[in-house]
Structure formats: C-alpha cells, structure tokens
Amino acid sequence: MTAKRADFPLLASSPGLHYLDSAATSQKPRAVLDAMMHYYTHDNANPHRGAYALSARATDRYHQARETIAAFVGVRDSACLIFTRGTTESLNLVATAWGRANVGRDDEIVITGLEHHANFVPWQQLANAVGAKLRICDVTADGRVDIDQFRTLVGPRTKVAAFNHVSNALGTINPVREMIAIAHAAGAIVVCDGAQAAPHLPLDIDALGADFYAFSGHKMLGPMGCGVLVGKRAVLEAMPPYQTGGDMIEYVADDRSTWNVLPHKFEAGTPNVADAVGLAAACDYLQQLGMADVRAHEQTLTALATERLLAIPEVAVYGPPPAERSGVVSFTVGQIHPHDLATILDELDVCIRAGHHCAQPLMRRLNLPATARASFYVYNSEADVDALVAGVQRAREVFG
Ligand code: 7TS
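Rules and cut-offs
- Residues numbered from 1 in each chain as written.
- Predicted model: local features only at pLDDT ≥ 70, side-chain atom pairs only at ≥ 80, totals over all residues.
- Heavy atoms only, no water.
- Pairing = 2+ DSSP bridges.
- Helix = DSSP H or I, 4+ residues; strand = E, 2+ residues; numbered from the N terminus.
- Axes fitted to C-alpha atoms, helices over the stretch in contact; angles between N-to-C directions.
- Contact = heavy atoms within 4.5 Å.
- Parallel < 35°, antiparallel > 145°, perpendicular 65-115°, else oblique.
- Left-handed = near helix turned anticlockwise from the far one by under 90°.
- Nonpolar A, V, L, I, M, F, W, Y, C, P; charged D, E, K, R; others polar.
- Core = buried A, V, L, I, M, F, W, Y, C linked by side-chain atoms within 4.5 Å.
- Buried < 20%, exposed > 50% of the residue type's maximum accessible area, 1.4 Å probe, protein only.

Asks: Would you take a moment to explain the sheet that holds strand 4 (residues 133–137) for this structure?
Replies: Backbone-to-backbone hydrogen bonds pair the strands of a sheet. The strands run either parallel or antiparallel. Here we have 7 strands laid out as an open sheet, ordered 2-8-7-6-5-3-4, and mixed in their pairing. In this open sheet, the two edge strands, each paired with only one partner strand, are strand 2 (81–84) and strand 4. Ignoring strand direction, the axes of neighbouring strands in this sheet form an average angle of 20°. Contacting strand 2, strand 5 (158–164), strand 6 (189–193), strand 7 (212–216) and strand 8 (227–231), helix 4 (residues 87–102) runs over the sheet at an angle of about 155° to strand 7. With respect to the sheet, helix 7 (residues 176–185) is in contact with strand 3 (108–112), strand 5 and strand 6, its orientation differing from that of strand 5 by roughly 175°.

Asks: Help me understand the sheet that holds strand 11 (residues 315–318), please; the structure alone is not making it clear to me.
Replies: Spatially, 4 strands are ordered 11-12-15-14 in an open sheet, and the strand pairing comes out antiparallel. In the strand order of this sheet, the two ends are held by strand 11 and strand 14 (353–355), each with one partner. Each strand of the sheet is rotated relative to its neighbour by a mean of 30°, with strand direction disregarded. The pairing of strand 14 with strand 15 (residues 371–375) spans 3 bridges and is antiparallel. Bridge assignment links Gly355 to a residue of strand 15, and that residue is Thr371. Each of strand 11 and strand 12 (328–333) is contacted by helix 11 (residues 291–310), which is oriented at about 10° to strand 12, the strand it contacts most.

Asks: Help me understand the side chain of Ser90 in this model?
Replies: Within the secondary structure layout, Ser90 lies in helix 4. Not counting residues up to four positions away in its chain, the partners in contact with Ser90 are Thr84, Ala214, Val228 and Leu229.

Asks: Could you clarify how one ought to interpret the packing of helix 4 against helix 5 (residues 121–130) in this entry?
Replies: A packed helix pair is summarised by two numbers, namely the angle formed by the two axes and the spacing between the axes. At a minimum axis separation of 9 Å, helix 4 and helix 5 run at an interaxial angle of 25°. Viewed along their axes, helix 4 and helix 5 adopt a mutual orientation that is roughly parallel. Our pair here, helix 4 against helix 5, has a crossing hand that is right-handed. Counting all contacts with helix 4, which are made through Asn92, Val94, Ala95, Gly99 and Arg100, the residues of helix 5 involved are Pro122, Trp123, Leu126, Ala129 and Val130. Looking at side-chain class alone, the contact of helix 4 with helix 5 contains 7 nonpolar, 2 polar and 1 charged residues.

Asks: How should I be thinking about the nonpolar core in this particular structure?
Replies: Grouped together as the largest cluster of nonpolar side chains are 78 residues, with contacts concentrated most on Phe150, Leu286 and Val378. In terms of residue count, the dominant contributor to this core is helix 10 (residues 273–289) (12 residues). In this view, Leu286 contacts Phe72, Met220, Leu221, Met291, Val294, Tyr377 and Val378; residues no more than four positions away in its chain are not counted. In this structure, Trp98, Val191, Phe212 and Leu262 belong to the second largest nonpolar core, which totals 31 residues.

Asks: Whenever I open this one, unusual backbone geometry confuses me. Can you help?
Replies: In most cases, non-glycine residues show a negative phi, while peptide bonds are predominantly trans. Cis rather than trans, the peptide bond between Leu262 and Pro263 has omega equal to 0°. As for its position among the elements, Pro263 is in the loop between strand 10 (257–259) and helix 10. A positive phi angle, close to 55°, is found at Cys358, a residue other than glycine. Along the polypeptide, Cys358 turns up in the loop between strand 14 and helix 13 (360–366). In this structure, Asn367 takes a positive phi of about 60° despite not being glycine. Structurally, Asn367 is set in the loop between helix 13 and strand 15. Here Asn367 falls in the exposed class, since its relative accessible area comes to 68%.

Here it is as structure tokens:
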C-alpha cells in the first residue's frame, strides 16, 4: 500500500484536512492531473475527424485510455466499454435506450430498496412510462438485500433486475454473483451499479457476467465528467442508440440512418478525451497500489473507526459488520442531527457527508431521517480515524 498523501496535491497542501467523503468523490493524485495537462498541452484535437497527425494522436490517446480502463476492470472486449458522463448517465442510457425497446406493459422490473436514486428513479420512470411493474426487494434490518425475497420477486415476467454492487449509504457489499445467477436463471438481464465497487474492490466485470455494469471515474481518483458503461456485445448491438449525432452514425440518408460499430454507436458527439486519459491514469495508479491492498487498507480503517465510534455512548452504526462493508461507516449519535454533527466536524477540518445520501427509499425502510457517513480511501490513515472520533466526542460535549 503505497498511496501517499503527498501524491494528492489538495491533501498535501492542506495538512490538517481529514477528507472522509470519498464515497461522494475522491481526491486526485498528481499523476491524474499531469496526464490530463499533458493531453491538453501536447495531444489535443478532435479525435476520429482530422486527417492530420495531431488528430490521429488524440484518437490514439482516447483509444489507449479505453484499453487501459477495460484491462483494469476485467473487460476483454474493450469496444463494449462505453464512455459516459458517469454512473448516472450510464444507468439512464440503459433504462432509456434498452428499456424503451425491451420493457412493455405488464413486464416486471426488479430493483432493491438499497439503491442510490441513480439506479432507482430511471427504473421507476421507465415503469411508469410503459406500464411495467416495479418490484422493490426489501432490505433487512442490518442493511442487506433480502436475498430470499429477491429470489421470489424475480420470475418469468422479470425483464430486468437492477441492483448495486456496493451500497453508497451503508457500504453493504451485495452478493451480486448470486443475484446475477438468480436473475439470469429467470431469463432477465442484469444491470449492476458499480459506482461504489470499482473504486474499492478488485473487479473482473467479464467474470461477474452482468449484462450491464456502470461506474464513475471521479470516485476512483479520476476526474469528474467521465464514467463508464460496460455492456455485453450482443445486447449492445441489438439495442438502439441513446443519443444521435456526430461520430455515432454509419450513413445518414434523408429519412433514416444506420449506426456506427461499438463503442461509437453509444458515444454521440465530441468525446471527453482528456477526462478519459485522466481516468486511465487513475486506473494505472490504483493498479500500482493493487486493489487487494486497497481493499485491505480500507477494511482496516473501517473496522477501527467502527470499533472506536461504537465505544462512544449513544453512537449507532448501520449496515452489516465492517468485514462485509466497503470503506463506509454510516452512523448516528443519539439525538444529534447528522447535519449538526457534520458542522461540528467541519470546524475540526473533518469532512463527512450527512443526510439521506441520495437513498431516500433506503432511509424510509430503515426508519432513519438521516445518517452521518464517513468514507475511507487510499489516502486515509489512522490519523483520520482519530480526528473523526475526537470530533464526535466534541459534538457530544457541545450538544450536552
Ligand atoms: N450509484 C451509486 C451507488 C452511487 O454511490 C452514486 C454516487 C451514483 C450511483 C451516482 O454517481 P454519479 O457519479 O453519476 O453522481 N454517490 C454519491 C454519494 O454517495 N455521495 O455523493 C454521490
């Protein structure tokens, strides 16, 4: 584990800052910023268009970035890795382009109560628009998908099952292999939201076998504005495009058009090359750390933070035990509102998120108005846990 705080310019220039909100977005190592700056200062042109060497170089950088990212997440056919703006756009792409073409009246869509709104609302809206039935799998009191209920919800009418790999609000690592097997046995396609998995777990998307897998670059040390949708080739080829315009066409007649090959069919318009280059540099950085070590480091900090927080009176930690969570600790402290807690922590330069974490259906099911959430990543250390614990103790003093 060689992630040094010094590798991250923002953290290096703020020695007292305890950044514990990486589930929202991660900080960026200098390697990522340098790669993007290098692209703009040496290689920038509109790819796939110009007949000149500079444009060919930009095209090559874009292609290389796709290859690097595909290799990092276990995708052998890199043309099936589509660049998007992020997980939200990836999931909307599937729910809209695949969903409108394949889901109809009386079909069923299965999701879970553990979803981020980005993997909840697009399916809800699709169901409402086409008259399909949205079935929502329950969550257990300790914040897991009720797998027995999931098994009964998925049936012959299920067209698609959509669920996250890791919950953003609680950190729960879901039994996605089992869930994918259940859905596939029923003939449904699977959409997996990997926004909180790709940054934190060793990942082999091909081996996992979901039909679609989505994640965001900005949560895994890459820039904002660049995410990924991976799809199975046969599914991507059979479905219509999401957006239309430049780059994604093969031939445009006056009254109809034909589509370019993958991945271009799903990448209409000028691509976001610099951010893709930045995300590839982030993958290289994580590769050097080794994802097994990244996971182990986060597990150590999550277990330590959980243990030390639970030693404070009135603290409750939500979700399964630390070994079954990503680097997330979601908690409350007696009657102190999580927003007040976050404000006190901020005064001590400890950044956490408080609220419903874009998971209102989950908070309703757990009967919680809000939680405080600390989330750990590669640049965090025990010093950050110390600061968090000291801040929670301080909040208890302030609020009596
Ligand atoms: N799915 C999950 C599981 C997420 O955690 C998030 C973002 C998204 C989808 C959407 O990703 P985006 O990059 O398109 O915004 N989660 C959070 C969070 O927990 N706090 O801020 C953003």
